[in-house]
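# Notes for the structure review
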Amino acid sequence: MPSKSKKDVDFSSTKDPYAQREAEKYENPIPSRELILQFIEHAGKPLLRKDIADAFSLETEDQLEALRRRLRAMERDGQLLFNREQRYCLVNNKDLIVGRIIGHADGFGFIRPDDGSDDLFLSPREMNPLLHNDRAMVRIAGIDKKGRREGAVVEILERNTHQIVGRLYKEDGFTYVVPDNKNIAQTVLLQKDGVGKAKQGQIVVAEIVEQPTKLRQPIGRIVEVLGDHLAPGMEIEMAIRSHELPHIWPDELLEDIKSLSPEVPESAKEHREDLRKLPLVTIDGEDARDFDDAVYCKKTPKGWKLLVAIADVSHYVQVNSSLDKEAKNRSTSVYFPENVIPMLPEILSNGLCSLNPLVDRLCMVCELLIDSEGQVTRSRFFDAVMRSHARLTYTEVAKILVDGDIARDGVYAASQSGTGSAQELAEKYQALMPHLRELYALYKVMRVQREQRGAMDFDTQETRIVFGADRKIEKIVPVERNDAHKLIEEFMITANSAAARYLNAKKIPKLLRVHEGPSADKLLNLKTFLGELGLKFGGGVNPTPLDYMHLVDSIKGRADAHLIQTVLLRSMSQAVYSPELKGHFGLALEAYAHFTSPIRRYPDLLVHRAIRHCLQGKSVSSFVYGVPDMVMLGEHCSANERRADEATRDVVSWLKCEYMMDKIGEEFIGIISAVTSFGFFVELAEIYVEGLVHISNLGQDYFHFDPTSHQLKGERTNTNFRLGDSVKIKVARVDLDEKKLDFELIQKQEAVKVSAGIGKPKKKRKRKPKSG
């Protein structure tokens with residue numbers, strides 16, 4: 001009997017391996033992505049949408065619309081290509097690259113491939129039809145003059161810039177908007193009837209009505225006038241709209257949450273372990289408003305039992321509900337100085353899901369048995385109802401456990417400061433003291449284990465902006481990280497790691513936090529740089545995190561330790577969300593997931609759903625998400641995490657520029673924080689503000705940029721400017737529009753000196769008049 005030809009195969013009767021997943025996820029399920037790809041590959045030629053619909057016997061209006069959306073999504077994600085004949089074909093990954101566009105203020109750009117390979121350069125001509133953050137498919141067109149792979153756009157897969165924030169200008173009969181986002185080089189030409197009442201120089205929001213093409217710039221119309229340039233809070237309003245951060249709750253969601261009450265209903269507490277009598281406590285910052293996690297610890301004959309209780313967000317945010325759709329859309333809470341855009345509405349983020357003190361709350365618990373060496377010997381997850389016994393702060397816990405210098409018998413030893421405060425706090429929380437002591441004892445053991453494992457712990461400096469009246473910056477202060485911060489961080493890492501191991505063992509699709517080691521190129525540059533300093537870096541071509549930390553330990557006390565640590569950090573890749581088991585290099589863990597912050601991170605919510613699915617004894621095949629879903633969700637959440645970080649940086653940069661506006665002409669001492677071909681950036685110590693010393697300001701010499709050693713080398717004078725060098729500068733210019741500071745070099749310091757006086761303006765000393 002002759003075999004059927006490829007086109008004769010009837011796929012309508014082919015069993016879809018993901019049918020159950022599709023049925024649980026959609027009311028009117030259609031063939032999965034996997035089956036559609038299999039069918040197109042089997043056909044061996046590009047297919048019309050009608051061909052695909054006919055092959056799977058999709059006939060109803062709902063089925064055809066669902067297919068249209070699925071094919072469009074597969075096209076957007078680079079799984080399919082829609083050709084000029086309006087047929088779908090498979091993407092040949094060897095020839096074509098799919099990724100996200102990164103624009104540059106000078107008109108050129110890059111495409112960051114989804115597969116994690118090196119970026120491709122896009123010339124200004126190739127960037128003409130694109131905007132920053134679009135998704136596109138390109139082919140490798142060759143190598144440019146700098147040796148970079150250069151791309152040519154094959155197809156624009158997804159438009160991700162729909163509105164632009166910027167300043168309005170009227171000139172020569174044209175009205176246009178100059179984007180605030182400097183990744184967008186094109187100005188937006190406004191329609192004649194699209195200006196409204198907006199005035200010259202005002203900050204506006206322009207909706208893109210026609211995307212750019214190869215021959216013309218984008219066209220838009222004004223949809224919102226934000227106000228004048230220097231209005232208080234304008235920097236946040238601009239960042240929200242410039243980065244298109246979702247910040248308005250949909251009407252459907254607001255309607256759905258009306259039924260929620262401030263208290264947990266009794267019915268929701270059933271079939272859960274009751275931990276309300278267990279003295280779980282939250283430990284957070286003074287200004288925290290939502291509390292994701294609570295901890296409890298007790299001594300056991302072989303070590304400790306640690307409980308990490310996490311807010312049970314997945315109980316309230318059901319799959320495909322209005323809450324879920326908006327949480328996915330946002331992916332993360334966005335934190336600005338003294339402001340936040342939450343992932344969940346306040347009734348959940350600060351109410352029902354927040355582990356507030358002395359009220360019943362639903363939680364998912366990670367219980368860990370840890371031996372005397374700090375090794376986790378067993379872990380389990382379960383649903384529970386809890387009642388936080390106290391809302392503690394990092395400062396309070398540090399005073400009680402560290403500054404108080406508690407002896408084993410509970411007697412306080414004398415200390416230079418804070419003994420009274422520690423005693424008062426210990427008396428206030430007397431019932432909790434035994435458990436707090438065990439938490440600290442366990443932390444100290446686990447800290448040793450962390451160091452032996454080689455988990456990275458770089459000494460970086462975070463800052464906090466302190467505002468005065470009218471949201472004007474009074475000062476910028478360093479954030480002190482004490483043992484209480486490190487204690488909670490260590491317990492959260494342990495719970496996150498346990499969640500990853502649990503889901504791996506269950507072989508269920510999950511979203512992991514992946515941090516890969518340094519690339520070969522970055523590693524080579526790093527070793528060359530260290531070699532010039534006479535330092536050896538172990539590990540060969542595959543260094544471990546322990547090799548990094550050995551090097552960090554060896555440079556303590558060196559004047560250039562800050563420089564070396566900065567280069568080490570820059571050799572690392574960026575952490576992302578992915579279902580692939582690639583480990584977390586920085587934490588020296590084979591598997592890592594985000595489990596502990598579901599109030600503010602969507603990946604944590606996905607991990608909770610996967611754990612609950614397993615706890616309920618359901619099959620892996622019936623899980624609502626498959627691996628392709630996790631791939632897409634990982635890309636989506638990673639992109640939105642970057643978007644949130646970029647928006648926060650924009651706001652902080654704007655505020656710091658505003659802070660420096662009245663300091664033009666003043667002199668400061670700072671450290672070179674980055675070196676480029678056009679100059680170097682200087683961070684002012686104690687002010688933590690960064691500005692550029694342009695290469696044209698370095699005197700009568702020709703400077704060569706050496707990216708490997710991170711320095712500019714003078715050809716005639718042999719003067720070198722290297723990362724980590726100390727310099728004296730004068731503030732020359734503050735550009736709020738560009739969020740940039742320009743410095744003039746006064747002199748290079750002989751040695752790196754970061755002391756209490758560095759970073760403060762140098763005042764001229766008044767001379768006493770000579771006596772007659």
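Treat the numbers as computed from the prediction; the structure is a model and nothing was measured.

### A few points about the sheet that holds strand β30 (residues 711-714)
- One open sheet holds the three strands; their spatial order is β29-β30-β31, and the pairing between them is antiparallel. Each having just a single partner strand, β29 (703-706) and β31 (720-722) make up the two edges of the open sheet. For this sheet, the mean angle separating the axes of adjacent strands, direction not counted, is 15°.

### A closer look at the packing of helix α11 (residues 394-403) against helix α14 (residues 483-506)
- Packing of α11 against α14 leaves a shortest axis separation of 8 Å and a crossing angle of 105°. In this view, α11 runs roughly perpendicular relative to α14, as classed from their interaxial angle. Every residue of α14 that contacts α11 at Y394, V397, A398 and V402 is listed here: D483, A484, H485 and I488.
- Each residue belonging to the contact of α11 with α14 can be placed in one class, and the counts come to six nonpolar, one polar and one charged.

### Quick notes on helix α4 (residues 61-76)
- Between its terminal C-alpha atoms α4 stretches 23 Å, which fits the 22 Å expected from 16 residues at 1.5 Å a residue.
- Buried within α4 we find L67, R70, L71, A73, M74 and E75.
- Looking one or two residues past α4, G78 carries a phi angle of roughly 80°, positive in sign.

### As for the side chain of S354
- For S354, the location among the structural elements is in the loop between α10 (346-352) and β19 (360-371).
- A distance of 3.0 Å separates a polar atom in the side chain of S354 from the backbone nitrogen of F291.
- Beyond its immediate sequence surroundings of up to four residues, S354 is in contact with R289, D290, F291, L348, S349, R361 and I599.

### Overview of the sheet that holds strand β16 (residues 303-311)
- Strand order in this open sheet of five strands is β13-β20-β19-β16-β15, and the pairing throughout is mixed. With partners counted over all chains shown, the strands left at the sheet margins are β13 (273-274) and β15 (293-300), one partner each.
- Summarising the sheet, β19 and strand β20 (residues 376-387) pair through eleven bridges and their orientation is antiparallel. Across the sheet, residue I370 finds its bridge partner in β20, namely V376.
- Contacts between α14 and the sheet are confined to β15, β16, β19 and β20, with β20 contributing the most and set at about 105° to the helix.

### Thoughts on the nonpolar core
- Counting 94 residues, the largest nonpolar core has F491 and F595 as the members making the most contacts within it.
- Considering each element in turn, this core owes the most residues, eleven residues, to α14.
- When residues no more than four places from it in sequence are discounted, the contact partners of F491 are V295, L306, V308, L439, L442, Y443 and M446.

### What about the confidence of the model for the chain?
- Within the chain, residue pLDDT values average 87, and 92% of them lie at 70 or more.
- For residues 406-420, every residue scores under 50 in pLDDT, and the model assigns this stretch 20 contacts once sequence neighbours within four places are set aside.
- For residues 751-772, every residue scores under 50 in pLDDT, and the model assigns this stretch 28 contacts once sequence neighbours within four places are set aside.

### Topic: the pattern of salt bridges
- Across all of its chains, the model carries 49 salt bridges by this definition.
- The shortest N-O distance in the salt bridge between E738 and K740 comes to 4.0 Å.
- Assessed through its relative accessible area of 30%, E738 is described here as partly exposed.
- A relative accessible area of 47% places K740 in the partly exposed class.
- Beyond isolated ion pairs, a larger network of salt bridges with shared partners links R447, R450, E451, D457, R481, E489 and E490.

### Remarks on helix α18 (residues 602-615)
- Counted at 1.5 Å a residue, the expected span for α18 with its 14 residues is 20 Å, and the 20 Å between its end C-alpha atoms agrees.
- Of all 14 residues in α18, 13 are buried, a share of seventy percent or more.
- Taken from the residues just after α18, G617 is the one with a positive phi, measuring 75°.

### A closer look at the environment of L511
- Turning to its location among the elements, L511 is positioned in the loop between α14 and β24 (512-514).
- Using a relative accessible area of 3% as the deciding quantity, one classes L511 as buried.
- L511 sits 48 residues away from T463 along the chain, and the two C-alpha atoms are 31 Å apart.

### Here's the deal with the pairing of strand β22 (residues 463-467)
- Judged from the five bridges that link them, β22 and strand β23 (residues 473-478) form a sheet pairing that is antiparallel. Paired with V466 across the bridge in β23 is K475.
- Between β22 and β23, which pair antiparallel one after the other, the connecting turn spans five residues, and D470 there sits at a positive phi close to 55°.

### Considerations on the packing of helix α9 (residues 322-330) against helix α19 (residues 627-660)
- Two elements in contact, α9 and α19, have axes whose closest approach is 8 Å; the angle formed by their N-to-C orientations is 60°. Accordingly, the angle class assigned to the pair α9 and α19 is oblique. Contacts between α9 and α19 involve K328, N329 and R330 on the former and, on the latter, L633, H636, N640 and R643.

### A closer look at empty space enclosed by the protein
- This model, assessed by the stated rule, comprises two cavities of 30 Å³ or more.
- Taken as a whole, the largest cavity spans an internal volume of roughly 40 Å³.
- In terms of lining residues, the largest cavity is bounded by L245, P246, R330, T332, V334, I341, N640, R643 and A644.
- Looking at the lining of the largest cavity, the element that brings in the most residues is α19, giving three residues.
- In the lining of the largest cavity, the residues fall into five nonpolar, two polar and two charged.
- Considering only enclosed or pocket space, the second largest cavity measures out at about 40 Å³ in volume.
- Together, D180, E235, M238, A239, D650, V651, W654 and K739 line the second largest cavity.
- Counting only elements with at least two residues in the lining of the second largest cavity, the list comes to α6 (234-242) and α19.
- Among the residues making up the lining of the second largest cavity, the classes are represented as four nonpolar, no polar and four charged.

Reading guide: rules and limits
- Residues numbered from 1 in each chain as written.
- Predicted model: local features only at pLDDT ≥ 70, side-chain atom pairs only at ≥ 80, totals over all residues.
- Heavy atoms only, no water.
- Pairing = 2+ DSSP bridges.
- Helix = DSSP H or I, 4+ residues; strand = E, 2+ residues; numbered from the N terminus.
- Axes fitted to C-alpha atoms, helices over the stretch in contact; angles between N-to-C directions.
- Parallel < 35°, antiparallel > 145°, perpendicular 65-115°, else oblique.
- Contact = heavy atoms within 4.5 Å.
- Nonpolar A, V, L, I, M, F, W, Y, C, P; charged D, E, K, R; others polar.
- Expected span 1.5 Å × (residues − 1).
- Buried < 20%, exposed > 50% of the residue type's maximum accessible area, 1.4 Å probe, protein only.
- Polar contact = N/O pair within 3.5 Å; in protein donor to acceptor, adjacent residues only side chain to side chain.
- Core = buried A, V, L, I, M, F, W, Y, C linked by side-chain atoms within 4.5 Å.
- pLDDT = per-residue confidence, 0-100.
- Salt bridge = Lys/Arg side-chain N within 4 Å of Asp/Glu carboxyl O.
- 1 Å grid on protein atoms, 1.4 Å probe; cavity = no way out; pocket = protein on both sides within 12 Å on 5 of 7 lines; lining within 4 Å.
- Points joined across faces, edges and corners; volume = space filled by probe spheres on them.

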